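Close look at the chain arrangement
Next come the chains, spelled out residue by residue.
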Amino acid sequence: MPTRLKDIANALDVSLVTVSKVLRGKTDVSAETRDRILRKMEELNYKPNMIARGLASGRSLTVGLIVPDIADPFFAELARSLGAHLRRSQYQLLLASADESAAVEQHEIENLLQRGVDALLIASCQTNATGLDAALRHHTPCVLLDRMLPGTQANFVGTDDVLAGRLATEHLFSLRRRRIAHIGSEGTSTATDRLRGYREALAAGRIPPDPALTITCDLHGGRPDLLGHDAMRQLLERPEHPDAVFCYSDLLAVGAIRAAREMGRRVPEDIAVIGCGNLPLSAYLEVPLSSIDQGTAELGEHASQLALELIGSKVPPAPKSLLVPPRVVVRASTGASAV
């Protein structure tokens, strides 16, 4: 028979209430007793009955996460961080991908609500908050991740993307580059804010904006690395080509570097390139990629904590907005020696 909480309590001569408190993460149990109970749970291979716990608490003990594209390494890393933090509170993460489609995202929102998730985390590919109406009608706590929706008062956890754009551009400016291009995206707050940060840094450096140095990619229309490749070719085929490029994402930057090298340009001597996201692969490319670290682990931690707080609140609190400060990670693509 499966091990029961009563078996653990009897084996240690403690009360069933004490064992239950340890399982639920309560803090009014001594560290010594907690350690004894946890060791005995491991020794007896105790597995909590999640269905029974859910029925007793009136909760499903699940949190839904919807991302625009599960193949994007940034969102895969974010999902891993969220899952790790939620597991500590005995919650399971249910993951869905919207495939960069507002219609698919809406379907996944309704699907997860029907499954009875206790909270929804959404990195939305929609352009307004209409899609959140279903969740609000169900009184299900929602947290927007990475991408803010204009005109909505919602809980939000993301990166300070304006600062990300400024830091990337200021780094290129510090290398005495003056024709700094931006390969960007559209339709999301992250794209808008990074472009804004890029322009603010140019203005602070008294560099006149050149519309010919900004290319917008439709990330719904193909692989980011291929889009970055095409954008860089366009930039380098122009009479006055750039000497540095800030890319909206690391995947765009990967394609951009490949195009530059195919066209006989040296990176970073002829053209410096910096991305955004600091994906694990960025350090291991043929030309290791400088990038803006968005604090993915912190995003996951803060978002999971906020979701659990909202689940535990009897009265919905006022919406919170939390921005994780980004940082520059310098590698060979902007001049640092390869590690």
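Scope of this entry: the structure provided in the associated data block. The numbering scheme is per chain: residues are counted from 1 as the chain's sequence reads. In keeping with the model being predicted, local features are shown solely for residues with a pLDDT of at least 70 and side-chain atom pairs are shown and tallied solely at 80 or more, while totals for entire chains, interfaces and linings include all residues. Calculation of side-chain values draws on the structure's entire complement of heavy atoms; hydrogens and water are dropped beforehand.

Some thoughts on the sheet that holds strand β4 (residues 142-145)
Put simply, the rule reads: A pair of strands is treated as paired once DSSP finds two or more bridges between them. What counts as a helix is a DSSP run of H or I of at least four residues, what counts as a strand is a run of E of at least two, and both are numbered from the N terminus. To obtain each axis, a line is fitted to C-alpha atoms, and for helices this fit is confined to the stretch in contact; angles are then taken between N-to-C directions over 0 to 180 degrees. By the convention used here, residues are in contact when the closest approach between their heavy atoms is within 4.5 Å.
One open sheet holds the six strands; their spatial order is β2-β1-β3-β4-β5-β11, and the pairing between them is parallel. Edge positions in the open sheet fall to β2 (92-97) and β11 (321-324), since each of these has one partner strand only. Averaged over all adjacent pairs, the angle separating strand axes in this sheet is 20 degrees, with direction ignored. Two elements, strand β1 (residues 62-67) and strand β3 (residues 119-122), share four bridges in a ladder whose sense is parallel. In the strand pairing of β3, Val63 is matched with Ala119. Against the sheet, helix α5 (residues 73-87) contacts β1, β2, β3 and β4, and its axis sits at roughly 160 degrees relative to β2. Each of β1, β3, β4, β5 (155-159) and β11 is contacted by helix α12 (residues 296-312), which is oriented at about 175 degrees to β5, the strand it contacts most.

As for helix α10 (residues 224-236)
Every α-helix carries 3.6 residues per turn, so stepping three or four residues along brings you back to the same face. Definition in use: In a helix, the anticipated span is given by 1.5 Å times the number of residues less one. The rule is simple: take the accessible area with a 1.4 Å probe, protein chains only, and divide by the maximum for that residue type; under 20% is buried, over 50% is exposed, in between is partly exposed.
End to end, α10 covers 18 Å across 13 residues, agreeing with the expected 18 Å (1.5 Å per residue, within 8%). Turning to α10, its buried residues are Asp225, Leu227, Gly228, His229, Ala231, Met232, Leu235 and Leu236. Residues of α10 that are buried make contact with β6 (180-184), β7 (214-216), β8 (244-247), α11 (250-262) and β9 (272-276).

Digging into empty space enclosed by the protein
Applied cut-off: Of the two site types, the cavity is a set of points on a 1 Å grid over the protein atoms alone where a 1.4 Å probe fits but cannot get out, and the pocket is an open set with protein on both sides within 12 Å along at least five of seven lines, each lined by residues with an atom within 4 Å of a point. Grid points are joined across faces, edges and corners, and a volume is the space filled by probe spheres set on the points. Here the nonpolar group is Ala, Val, Leu, Ile, Met, Phe, Trp, Tyr, Cys and Pro; Asp, Glu, Lys and Arg are the charged ones; every other residue, Gly included, is treated as polar.
Applying the stated criterion across every chain yields a total of two cavities of 30 Å³ or more. In this structure, the largest cavity spans a volume of roughly 40 Å³. Around the largest cavity, the lining residues are Glu100, Arg147, Ser185, Glu186, Thr188, Leu219, His220 and Tyr248. Classifying every residue of the lining of the largest cavity by side-chain character gives two nonpolar, three polar and three charged. In this structure, the second largest cavity encloses a volume near 40 Å³. What lines the second largest cavity is simply His182, Gly184, Ser185, Ala191, Leu195, Thr214, Ile215 and Thr216. Breaking the lining of the second largest cavity down by element, the ones donating at least two residues are β6, α9 (189-204) and β7. Ranked by the residues each element gives to the lining of the second largest cavity, the list is headed by β7, at three residues. Tallied by class, residues from the lining of the second largest cavity come to three nonpolar, five polar and no charged.

Remarks on the state of the cysteines
For clarity, the threshold we go by: Here, the term disulfide refers to a pair of cysteine sulfur atoms separated by no more than 2.5 Å.
Applying the stated rule across the entire model yields zero disulfides. Free of any disulfide, Cys125 has its nearest neighbouring cysteine sulfur in Cys142, separated by 15 Å. Cysteine Cys247 remains unbridged, with the sulfur of Cys217 as its closest cysteine sulfur at 8.3 Å.

Focus on the nonpolar core
Quick reminder of the rule: For this analysis, a nonpolar core means a set of buried residues of the types Ala, Val, Leu, Ile, Met, Phe, Trp, Tyr and Cys, connected via side-chain atoms within 4.5 Å.
Of all hydrophobic cores here, the largest spans 40 residues; its most connected members are Ile183, Met232, Val245 and Cys247. The set of elements that each furnish at least two residues to this core consists of α8 (161-174), β6, α9, α10, β8, α11 and β9. Ranked by residue count, the leading element in this core is α11, at six residues. Residues within four places of Cys247 in sequence aside, it is in contact with Ile183, Leu252, Ala253, Ala256, Val273, Ile274, Gly275 and Cys276. Membership of the second largest hydrophobic core comes to 27 residues, among which are Phe74, Leu93, Leu306 and Ile311.

Re unusual backbone geometry
For the bond from Val267 to Pro268, the omega torsion is 15 degrees, close enough to zero to count as cis. Relative to the assigned elements, Pro268 resides in the loop between α11 and β9. One non-glycine residue, Asp99, lies in the positive phi region at around 55 degrees. Note that Asp99 resides in the loop between β2 and α6 (102-114). In this structure, Asn278 takes a positive phi of about 45 degrees despite not being glycine. Its location among the elements puts Asn278 in the loop between β9 and β10 (290-293). A residue is classified by how much of its surface remains accessible, and Asn278, at 16% relative accessible area, is buried.

A closer look at the sheet that holds strand β12 (residues 327-329)
Judged by pairing direction, the sheet is mixed, and its six strands sit side by side in the order β7-β6-β8-β9-β10-β12 without closing on themselves. In this open sheet, the two strands that pair with only one neighbour each are β7 and β12. Taken over all neighbouring pairs, the strand axes of this sheet differ in orientation by 20 degrees on average, direction set aside. Inspection of the sheet shows β6 paired to β8 by four bridges, in the parallel sense. Counted as the bridge partner of His182 is Phe246 from β8.

Just distances and angles here, no functional claims.
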